[in-house]
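Working through the structure, step by step
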Amino acid sequence: AQTVTQSQPEMSVQEAETVTLSCTYDTSENNYYLFWYKQPPSRQMILVIRQEAYKQQNATENRFSVNFQKAAKSFSLKISDSQLGDTAMYFCAFMKRAYNQGGKLIFGQGTELSVKP
Amino acid sequence: DGGITQSPKYLFRKEGQNVTLSCEQNLNHDAMYWYRQDPGQGLRLIYYSQIVNDFQKGDIAEGYSVSREKKESFPLTVTSAQKNPTAFYLCASSIREGTVPTYEQYFGPGTRLTVT
């Protein structure tokens, strides 16, 4: 079975600074996706960034980038130029890409990020 | 606007009562999902459905039931058999390319259920 672990329950960063959130996962699969979701105080889940396991290049989306280390099963999220609106709970998630898995997402426990002015 | 709606936002029930949570989407997505969120535990999959009239159990299906009679709707019933029903419930949907749901799931705003 796959597991996702986020070892930092809480983090804080000053506005305009850079912060990195950690995520490790355990799987024997070779074909999968990894995601970072953001859940602001409104509790709406928002997809931040995704990474296909077969791609060696790290995904980037504006101020958000990942460091995907497949052999180490590590998937960290870097937020550059942090903004107050980045304050949220961040979840790392894993999805095996296979017919009988139905798009099942497995989530980590979350990291609560506070951006301070 | 296209999206996923969940109603109501807050729901209160007495212990021993069944309660049904609504999830409707107008994104024309084939696949739909129900997750439960508890403090400090992230989201866990309850049930999912890849097509109409078909659904599968997720990791924590005990005490829950679902139906998928229409593509747009995937209601979740929390039965009296669910030991700890108080939680935040999130519904999601995704496109299905061929037989594999695509990676991006779109989430609804959630329903906070409190059972006393």
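All of these numbers come straight from a predicted model, not from anything done at the bench.

For chain B, the helix and strand inventory stands at zero helices and 13 strands. Listing each helix as α and each strand as β along chain B from the N terminus yields β-β-β-β-β-β-β-β-β-β-β-β-β. Here the C-alpha radius of gyration of chain B, 13 Å, is about what a compact globule of 116 residues would show, namely 13 Å. Expressed as a percentage of the 116 residues in chain B, the buried residues total 47%. By sequence separation, contacts in chain B at least 24 residues apart represent 54% of the contacts at least 6 residues apart. Accessible surface, chain B: about 5,600 Å² in total, of which carbon and sulfur atoms supply 46%. The centroid of the 12 positive side-chain charges in chain B is displaced by 8 Å from the centroid of its 12 negative side-chain charges.

On to the pattern of salt bridges, then. For side chains bearing opposite charge, pairing can occur when the charged atoms are close. Tallied over the full model, the rule gives ten salt bridges over all chains. We note a salt bridge from Lys104 of chain A to Asp59 of chain B, for which the minimum N-O separation is 2.8 Å. Of this pair, Lys104 of chain A sits in the loop between strand E10 (88-96) and strand E11 (105-107) while Asp59 of chain B is found in the loop between strand E6 (54-57) and strand E7 (64-66), placing the two residues in two different chains. Residue class for Lys104 of chain A comes out buried when judged on its relative accessible area of 18%.

So, on to the interface of chain B and chain A. Facing the 24 residues of chain B at the interface are 24 residues of chain A. Here chain B packs against chain A, burying approximately 2,100 Å² in sum over the two surfaces, 55% of which is carbon and sulfur. For Glu104 of chain B, the salt bridge goes to Arg50 of chain A, with nearest N and O atoms at 3.9 Å. Our enumeration of links across chain B and chain A arrives at four residue pairs in polar contact (both at pLDDT 80 or more). Mapped onto the side of chain B that touches chain A, the elements with two or more residues apiece are strand E4 (31-38), strand E5 (42-51), strand E9 (87-94) and strand E11 (100-101) of chain B. For the side of chain B that touches chain A, the element with the highest residue contribution is E5 of chain B, accounting for five residues. Grouping the amino acids of the side of chain B that touches chain A by side-chain chemistry returns twelve nonpolar, nine polar and three charged.

Residues and elements named next belong to chain A. One finds Tyr25, Trp36, Phe75, Leu77 and Tyr90 to be the most contacted residues of the largest nonpolar core, which totals 26 residues. Sorting the residues of this core by element identifies strand E3 (19-21), strand E5 (32-39), strand E6 (46-52), strand E8 (64-69), strand E9 (74-79), E10 and strand E12 (111-116) as the ones contributing at least two each. Ranked by residues supplied to this core, first place goes to E10 with four residues. In this structure Phe75 touches Cys23, Tyr25, Leu34, Phe35, Trp36, Gln51, Val66, Asn67, Phe68 and Cys92, once residues within four positions along its chain are discounted.

The rules behind the values
Residue numbers here run from 1 along each chain, matching the order of that chain's written sequence. Following the order in which they are written, the chains are lettered starting with A and the ligands numbered starting with 1. In view of the model being predicted, local features appear only for residues whose pLDDT reaches at least 70, and side-chain atom pairs are presented and counted only at 80 or more, with totals across whole chains, interfaces and linings using the full set of residues. Working from all heavy atoms in the structure, the side-chain values ignore hydrogens and water. Note on conventions: DSSP H or I runs of at least 4 residues are helices, E runs of at least 2 residues are strands, and numbering of each starts at the N terminus. With the radius of gyration taken over C-alpha atoms, the globule rule is written as 2.2 Å times the number of residues to the power 0.38. Accessible area is worked out with a 1.4 Å probe on protein chains only. A residue is then buried under 20% of its type maximum, exposed over 50%, and partly exposed in between. In what follows, a contact means two residues having at least one pair of non-hydrogen atoms within 4.5 Å. With residues, only the protein chains shown are counted as cover, and all accessible areas are computed by Shrake-Rupley using a 1.4 Å probe. Under this rule, positive means Lys or Arg and negative means Asp or Glu; His and the chain ends count for nothing. To locate a charge, take atom NZ for lysine, CZ for arginine, CG for aspartate or CD for glutamate. Throughout this description, the term salt bridge denotes a Lys or Arg side-chain nitrogen within 4 Å of a carboxyl oxygen of Asp or Glu. Buried area: the accessible surface (1.4 Å probe) lost by two parts on joining, summed over both. Distance and chemistry together define a polar contact, namely a pair of N or O atoms within 3.5 Å, with one atom able to donate a hydrogen and the other to accept it when in protein, and with adjacent residues in sequence counting only for side-chain atoms on both sides. Throughout, the ten residues Ala, Val, Leu, Ile, Met, Phe, Trp, Tyr, Cys and Pro are labelled nonpolar, Asp, Glu, Lys and Arg are labelled charged, and all others, Gly among them, are labelled polar. In these notes, a set of buried Ala, Val, Leu, Ile, Met, Phe, Trp, Tyr and Cys residues joined through side-chain atoms within 4.5 Å is what counts as a nonpolar core.

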